[in-house]
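Letter by letter, the chains look like this.
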Amino acid sequence: MAKIHVSTTINGDAVEFLCEPEETLLDVLRDGLGLTGSKEGCSSGDCGACSVLLDGRLVCACLVMGAELGGCEVETIEAMAHGDVLHPLQSKFIEHAALQCGVCTPGILVAAKALLDKNPDPSETEVRYWLAGNLCRCTGYDKIVRAVLDAAADMRGS
Amino acid sequence: MAKDTDTGADTGYMGGDKELKWVGTRPPRPDGVDKVTGRAKFGADFYVPGMLIGKVLRSPHPHALIKSIDTSKAEALTGVKAVLTRDDFGDRSSEFVPAGEMMVNYRDIVRNVMAREKALYEGHAVAAVAATSNAIAKQALKLIEVDYEPLPHVIDAVEAMKPDAPLLHEDMITDGVEPAPTKPSNVAKRVEFTIGDVEAGFAAADVVIERAFDTSPVHQAYIEPHACVASVSEDGQAELWTTTQGHYVARAHCARLLDMDISKIRVTASEIGGGFGGKTVVYLEPLALGLSRKACQPVKMVMSRDEVFRASGPTSGAHMKIKVGATKDGKITAGQAELIYQAGAFQGSPVQPGAMCAFAPYDLENVKVVGWDVVTNRPKVAAYRAPGAPISEYAVECVIDELAKRLGIDPIDLRLANAAKEGTRAAYGPKFGPIGLVESLEQAKAHPHYQAPLGPNQGRGVASGFWFNIGGETCASLIVNEDGTAALTLGTPDIGGSRASLCMMAAEELGIEYDRVRPIIADTASLGYTFLTGGSRATFSSGLAVIEAARDVVRQLCERAAKIWEIPTDAVEWADGTAKPAGANAGDFEPMSLAAIAAIAGKTGGPVVGHAQINAQGAAPSFGTHLVDVEVDRETGRVTVLRYTVLQDAGKAIHPAYVEGQFQGGAVQGIGWALNEEYIYGPDGKLENAGFLDYRIPVASDVPMIDTVIVEVPNPRHPYGVRGVGETPIIPPMAAIANAIENALGIRFTELPMSPPRVLKAIDEMAAAE
């Protein structure tokens, strides 16, 4: 089957790519465009390691087809820091030791940013339920939740 | 040969009064920015030009004779560059080698990476292909014709022990039984650890409790699936990038399975997305190398989550009988256990460490533990965080709780009255040095958590845990750069922040700033053999090597200063990051910093590089105690963890935040093991929940904050007092939660997981009985 030509916007840049009909957004990002910050943990939407923003909505990139992306805006972990300035969530994750192996971290950061964009002052419970779609096997979530709450407080203060 | 003294006489505990600048602080990890920006390269993040995609054909049968494999149609497909089957691997004789705290057998590894005579579990690799695209590789798998003769299967270990059970290995004679059985069986091994006389101990008891327990296999469930890229050139030189807990161990396994010289395989460990013991063995690596060797092109292989569940090692499920006797005043007089651990398709369950650990938290005169290692038609188990211990200690800690209740003694007091301490002889042999169990129990008892009020349907549980921890072969190099910064070359893959603690120890020893030390995990050609990250050994063993390498650097720096000042070397001392004359008689010279000496190293003898190659000895065990409050929903059977506190001996926490992280992560894995996680098989012998939707690990909304108390009873065999901490935290949760549920409901659960259907059934049965 012929490849499909898609024009889209990824991390603010106009991007064109060719993809197979069965390729997912995650395949396109990782295998096609070299954006390997989004991770594949399950390819069934259960682990959240491939979380990205699609037109501002938090999605699992493994559940979106590459061919569907025409005219869309995709934002990935690679766009989270600006120049050499980390997003407050990124800084707080390092400060709080909110990662051990770090493979779930990009997805969790993207998801947490989506939360704070919507709700700058979430409760601990709101953070926990918002991140319930992002599996972490190392940390037990304690330091992740603290880092998100601390980043939110900092961002409200500034 | 390396001996106990190899770590040097100067690496014993320095005492607690030395003022420390870095050890015990919480600086940012060196790889932090890479990990939060998506820049860090994990196993599946390697891409090489001209790379093929490798895929594995897996058995649909739990047990089947493989009569023939026809790969001709797959090989004829355009784009297919190589196909591998059992014919590409020579047989290996039985030979056990260490893999973490567990042993692996080359006879079995060669059969596990590629089925030989039989497929022994659903998901067992039967063939592999490498093709120019994912789609072609998948298509090629469909073209491989395997003629199976399905055989009866056995999933449960007790069933597998019966004389008429389907036999997995026709030549397996039970080891450790006298006289040796004449007939083969699925029982690979019997182990026994005994001290004293348990019969006399039970005779002296006022109360004896005997209970049977069952646990289900659970998976390590690291978020990153197994992945690697192999590239073998026409002259047989091989590069392997892989996600592994031990790239030297992976190299050894691959060399043995593929008949290659070790020097021809250079392995680079990628960043590793979790392992918990499950990445101490090889699955894809020999296949990728074998395919690449045939195709003379790089081959990338990545497991799907489904493959991870079906074909990589969970830990054992078990059936256990525990018997404990005590006097009225709470002195435990005897402990006895029979442990049946299922090993999966090949022998080597962690029943031996399970048997050694079962009663290790207690100072007992009479102990008898018998363990059985049993094969079944399931994936071969792999190490999982303190392999074997969480299972046996769960069962014992439940009985201890019941005993406390029966005797009317506080469960912490009962443990304190019998706790192992310095000088206690463990049932498995050695006498403990200084250990922190009593301290963890005392601090648990004094913790506000233990006094907090409980509401209706709520209960509190307590349990303790023990794990050995290991040392072993380790190298490190510390390179002093000409600007006074340092490069630290390490051999233990960093699975959870060990780079930070190792750089901190280097900075502490050298007296320089932490961020002046830059770490790298070296490939296998760039540093000597280093055993894997496992057994809670990375910070301990690589730490000892780093300290020794740093002291080597300091010796050299003092020599250089002596040379510059033209005084004897022993007239120079290293203090506060500078070389100084050792006393007034040595002469009057301005102290020289590391940077000042480094800047002119070329004129004083060349580069300054410290090395250490050691067999790290003196790893000390870590004990911990957990407190948990739960609430049980009587309508649904759901158990909610309300509050959780971990108190564990770390010896000395180098980077306390990452020690807390180990405590918290282990506790939450244990919560999953206690409440939800299990391998579920259908009558057809096939796994029914091979995905994260149905194999439910804890999510953020399932758990509360996990409070931690770091107890510090220094390890006398480490300069800073370090003990391994990574594994002990997964041991107490299952019993602590079972004890809390019993406290809430008055129902003693003896089967894991205590999932909502099981809890609801028990509540309904109790209501019906009333």
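None of these values were measured; they are calculated from a predicted model.

1. Quick notes on the overall build of chain B
Phase 1: Broken down by element type, chain B carries 21 helices and 28 strands.
Phase 2: Relative to the globule expectation of 27 Å for 770 residues, the C-alpha radius of gyration of chain B, 27 Å, shows essentially globular dimensions.
Phase 3: By its C-alpha atoms, chain B is 90 × 75 × 55 Å across when sized along the principal axes.
Phase 4: Of all intrachain contacts in chain B linking residues separated by at least 6 positions in sequence, the fraction that spans at least 24 positions is 79%.

2. Here we look at the overall build of chain A
Phase 1: Within chain A, the regular secondary structure consists of five helices and five strands.
Phase 2: Going residue by residue from the N terminus, the α and β elements of chain A occur as β-β-α-β-β-β-α-α-α-α.
Phase 3: Here the C-alpha atoms of chain A give a radius of gyration of 16 Å, agreeing with the 15 Å that 2.2 N^0.38 yields for 158 residues.
Phase 4: Each of the three principal axes of chain A carries a C-alpha extent, and together these read 50 × 30 × 25 Å.
Phase 5: Expressed as a percentage of the 158 residues in chain A, the buried residues total 56%.
Phase 6: Within chain A, residue pairs in contact and separated by at least 24 positions form 54% of the contacts whose partners lie at least 6 positions apart.
Phase 7: Here chain A has roughly 6200 Å² of accessible surface; of this, 50% comes from carbon and sulfur atoms.
Phase 8: Positive and negative side-chain charges of chain A, numbering 12 and 23 respectively, have mean locations separated by a distance of 8 Å.

3. Quick look at the domain arrangement of chain A
Residues and elements named next belong to chain A.
Phase 1: Taken domain by domain, chain A comprises domain 1 (4-79) and domain 2 (88-157).
Phase 2: Here the C-alpha centre of domain 2 lies 22 Å away from the C-alpha centre of domain 1.
Phase 3: If you look at the interface, domain 1 gives 13 residues, while domain 2 gives 13 residues.
Phase 4: Broken down residue by residue, the surface that domain 1 buries against domain 2 is led by Cys47, Leu58 and Ile77, which jointly contribute 43%.
Phase 5: Where domain 1 touches domain 2, the interface holds one salt bridge.
Phase 6: A salt bridge links Lys113 to Glu75, with the nearest nitrogen and oxygen atoms 3.2 Å apart.
Phase 7: There are five residue pairs in polar contact (both at pLDDT 80 or more) connecting domain 1 and domain 2.

4. Notes on helix H1 (residues 25-32) of chain A
Residue and element names in this part refer to chain A.
Phase 1: Regarding H1, the residues found buried are Leu25, Leu26, Val28, Leu29 and Arg30.
Phase 2: In this fold, the buried residues of H1 make contact with strand S1 (4-10), strand S2 (13-19), strand S3 (51-54) and strand S5 (73-75).
Phase 3: Following H1 by one or two positions, Gly34 has its phi on the positive side, about 75°.

5. What about the pairing of strand S2 (residues 64-70) of chain B?
Residues and elements named next belong to chain B.
Phase 1: With six bridges joining them, S2 and strand S8 (residues 145-150) adopt antiparallel strand pairing. Among the inter-strand pairings, Asp70 is bridged to a residue of S8, identified as Glu145.
Phase 2: When S2 meets strand S6 (residues 118-119), the two strands line up antiparallel, connected through two bridges. Paired with Leu65 across the strands is Lys118, a residue of S6.

6. Considerations on unusual backbone geometry
Residue and element names in this part refer to chain B.
Phase 1: Backbone torsion omega between Glu178 and Pro179 reads -10°, so that peptide bond is classified as cis.
Phase 2: For Pro179, the position within the fold is in the loop between helix H5 (157-161) and strand S9 (187-195).
Phase 3: For the peptide bond that leads from Leu752 to Pro753, omega is -5°, which places it in the cis range.
Phase 4: One can find Pro753 in the loop between helix H20 (733-745) and helix H21 (756-769).
Phase 5: Positioned with a positive phi, Asp576 is a non-glycine residue whose angle comes to about 55°.
Phase 6: Tracing the backbone shows Asp576 in the loop between strand S22 (572-575) and strand S23 (578-581).

7. Description of the interface of chain A and chain B
Phase 1: Counting residues at the interface gives 42 residues for chain A, matched by 54 residues for chain B.
Phase 2: Of the roughly 3900 Å² buried at the junction of chain A and chain B (both faces included), carbon and sulfur atoms supply 59%.
Phase 3: Looking only at chain A, the three residues that lose the most surface to chain B are Ile94(A), Gln100(A) and Arg137(A), adding up to 21% of its buried area.
Phase 4: Across the pair Lys143(A) and Glu660(B) runs a salt bridge, and its minimum N-O distance is 2.6 Å.
Phase 5: In this assembly, chain A and chain B are joined by 24 residue pairs in polar contact (both at pLDDT 80 or more).

8. Here we look at the domain arrangement of chain B
Residue and element names in this part refer to chain B.
Phase 1: In terms of domains, chain B is made up of domain 1 (4-40 + 471-615) and domain 2 (436-469 + 620-769).
Phase 2: Here domain 1 and domain 2 have C-alpha centroids that lie 38 Å from each other.
Phase 3: On the domain 1 side of the interface with domain 2, the three residues burying the most area are Tyr13, Arg26 and Ser536, jointly 31% of the side's total.
Phase 4: Connecting domain 1 to domain 2 are one salt bridge.

9. Focus: the sheet that holds strand S10 (residues 207-215) of chain B
Residue and element names in this part refer to chain B.
Phase 1: Here five strands make up an open sheet; going across it, the order is S9-S17-S16-S15-S10 and the pairing mixed. Two strands in the sheet have a free side with no partner beyond their single neighbour: S9 and S10. Within the sheet, the average angular offset between the axes of one strand and its neighbour, ignoring direction, is 10°.
Phase 2: Pairing of strand S15 (residues 318-326) with strand S16 (residues 332-344), which is carried by nine bridges, proceeds in the antiparallel orientation. Looking at the pairing, Ala318 lines up with Tyr341 of S16.
Phase 3: Each of S10, S15 and S16 is contacted by helix H11 (residues 389-407), which is oriented at about 145° to S10, the strand it contacts most.

10. Concerning the packing of aromatic side chains
All names here are of chain B.
Phase 1: Within the structure shown, the criterion is met by 18 aromatic pairs over all chains.
Phase 2: Here the aromatic rings of Trp22 and Tyr514 are separated by 5.8 Å at their centres, their planes lie at 40°, and the arrangement is tilted. Taken together, the positions of Trp22 in the segment before helix H1 (32-37) and Tyr514 in the loop between helix H15 (498-510) and strand S21 (517-521) put the pair 492 residues apart, joining distant regions of the chain. Pair check on accessibility: Trp22 and Tyr514 agree, each one buried.

11. A few points about the packing of H11(B) against helix H12 (residues 411-418) of chain B
Between two packed helices, what matters for the description is the angle formed by their axes and the separation of those axes.
All names here are of chain B.
Phase 1: Running from N to C, H11 and H12 point in directions that differ by 110°, and their axes come no closer than 9 Å. Judged on the interaxial angle alone, H12 and H11 are roughly perpendicular. On H12, the residues that touch Glu397, Ile400, Asp401, Leu403, Ala404 and Leu407 of H11 are Pro411, Leu414 and Arg415.
Phase 2: Each residue belonging to the contact of H11 with H12 can be placed in one class, and the counts come to six nonpolar, no polar and three charged.

Each value, and the rule that gives it
- Residues numbered from 1 in each chain as written.
- Chains lettered and ligands numbered in written order.
- Predicted model: local features only at pLDDT ≥ 70, side-chain atom pairs only at ≥ 80, totals over all residues.
- Heavy atoms only, no water.
- Helix = DSSP H or I, 4+ residues; strand = E, 2+ residues; numbered from the N terminus.
- Rg over C-alpha atoms; globule rule 2.2 N^0.38 Å.
- Contact = heavy atoms within 4.5 Å.
- Buried < 20%, exposed > 50% of the residue type's maximum accessible area, 1.4 Å probe, protein only.
- Areas by Shrake-Rupley, 256 points an atom, 1.4 Å probe, with all protein chains shown as cover.
- Lys, Arg positive; Asp, Glu negative; His and termini not counted.
- Charge placed at Lys NZ, Arg CZ, Asp CG, Glu CD.
- Domains from an automatic or database assignment.
- Buried area = accessible area lost by both parts, 1.4 Å probe.
- Salt bridge = Lys/Arg side-chain N within 4 Å of Asp/Glu carboxyl O.
- Polar contact = N/O pair within 3.5 Å; in protein donor to acceptor, adjacent residues only side chain to side chain.
- Pairing = 2+ DSSP bridges.
- Axes fitted to C-alpha atoms, helices over the stretch in contact; angles between N-to-C directions.
- Phe/Tyr/Trp six-rings, centres within 6.5 Å; stacked < 30°, edge-to-face > 60°.
- Parallel < 35°, antiparallel > 145°, perpendicular 65-115°, else oblique.
- Nonpolar A, V, L, I, M, F, W, Y, C, P; charged D, E, K, R; others polar.

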